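What follows is each chain in one-letter form.
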Amino acid sequence: FDLVSEEISFIKERSPLYGPEEQPNAAMREINQVFRYRLPQTALFYSLAASSLGLFTVSYFTSYMLLEDQGSKRVVDIGLVIAKGVQVYFARTTPV
């Protein structure tokens, strides 16, 4: 995967060394001008693995608690807690 991001520069600096050859402004990043850089693949794959582990943990916890079945009121309460936890997890990990 060769993922390239395009951002607007907030500083005046040299173009990133790890960026692609075809830069909009060849040698310098100018303020309020577009520049490109390659996304770090290790961090992206780590993020994917961490989110997969988190979702697996939630699904395992959900199935364990629902299979335990401690009465209908208790199951509904646990379901609401799990739903809230999943909402918070997605709000903190998913970019908007």
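Residues numbered from 1 in each chain as written. Predicted model: local features only at pLDDT ≥ 70, side-chain atom pairs only at ≥ 80, totals over all residues. Heavy atoms only, no water.

## With respect to the overall build of the chain
Part 1: When helices and strands are counted, the chain shows 2 helices and 4 strands.
Part 2: Walking the chain from its N terminus toward its C terminus, one meets helices and strands in the order β-β-β-β-α-α.
Part 3: Of all intrachain contacts in the chain linking residues separated by at least 6 positions in sequence, the fraction that spans at least 24 positions is 41%.
Part 4: Carbon together with sulfur atoms contributes 64% to the accessible area of the chain, which is approximately 7,700 Å² in total. (Helix = DSSP H or I, 4+ residues; strand = E, 2+ residues; numbered from the N terminus. Contact = heavy atoms within 4.5 Å. Areas by Shrake-Rupley, 256 points an atom, 1.4 Å probe, with all protein chains shown as cover.)

## Quick notes on the environment of lysine 12
Part 1: Structurally, the position occupied by lysine 12 is in the loop between strand S1 (4-8) and strand S2 (13-14).
Part 2: Contact partners of lysine 12, with chain neighbours within four places excluded, come to Met28, Arg29, Glu30 and Ile31.

## Thoughts on the environment of glycine 79
Part 1: Take glycine 79: it is sitting in helix H2 (residues 72-93).
Part 2: Glycine 79 gets classed as partly exposed once you look at its relative accessible area, which sits at 32%.
Part 3: Distance in space between the C-alpha atoms of glycine 79 and methionine 65 is 8.8 Å, their sequence separation being 14 residues. (Buried < 20%, exposed > 50% of the residue type's maximum accessible area, 1.4 Å probe, protein only.)

## Side note on the confidence of the model for the chain
Part 1: On average, the chain scores 76 in pLDDT, and the residues at 70 or more come to 77%.
Part 2: In the model of the chain, strand S3 (residues 28-29) stands out as the element of lowest mean pLDDT, 74, in contrast to helix H1 (residues 41-68), which has the highest, 82. (pLDDT = per-residue confidence, 0-100.)

## Here's the deal with a nonpolar patch on the surface
Part 1: Together, Leu53, Phe56, Tyr60 and Tyr64 line one region of the surface with nonpolar side chains, adding up to about 500 Å² of accessible area.
Part 2: With respect to the secondary-structure elements, tyrosine 64 resides in helix H1.
Part 3: Relative accessible area serves as the criterion here: at 47%, tyrosine 64 is assigned to the partly exposed category. (Patch = residues over 30% accessible without salt bridge, like charges linked within 9 Å, V, L, I, M, F, W, Y side chains within 5 Å. Salt bridge = Lys/Arg side-chain N within 4 Å of Asp/Glu carboxyl O.)

## Brief notes about the packing of aromatic side chains
Centre-to-centre distance and the angle between the planes together describe a pair of aromatic rings.
Part 1: A complete count under the given rule lists 2 aromatic pairs for this structure.
Part 2: Consider the rings of phenylalanine 56 and tyrosine 60, whose centres lie 6.3 Å apart with planes at 25 degrees: the pair is stacked. Of the two residues, phenylalanine 56 and tyrosine 60 are both situated in helix H1; the distance of 4 residues between them amounts to about one turn of the helix. Across the pair, exposure class does not vary: phenylalanine 56 and tyrosine 60 are exposed alike. (Phe/Tyr/Trp six-rings, centres within 6.5 Å; stacked < 30°, edge-to-face > 60°.)

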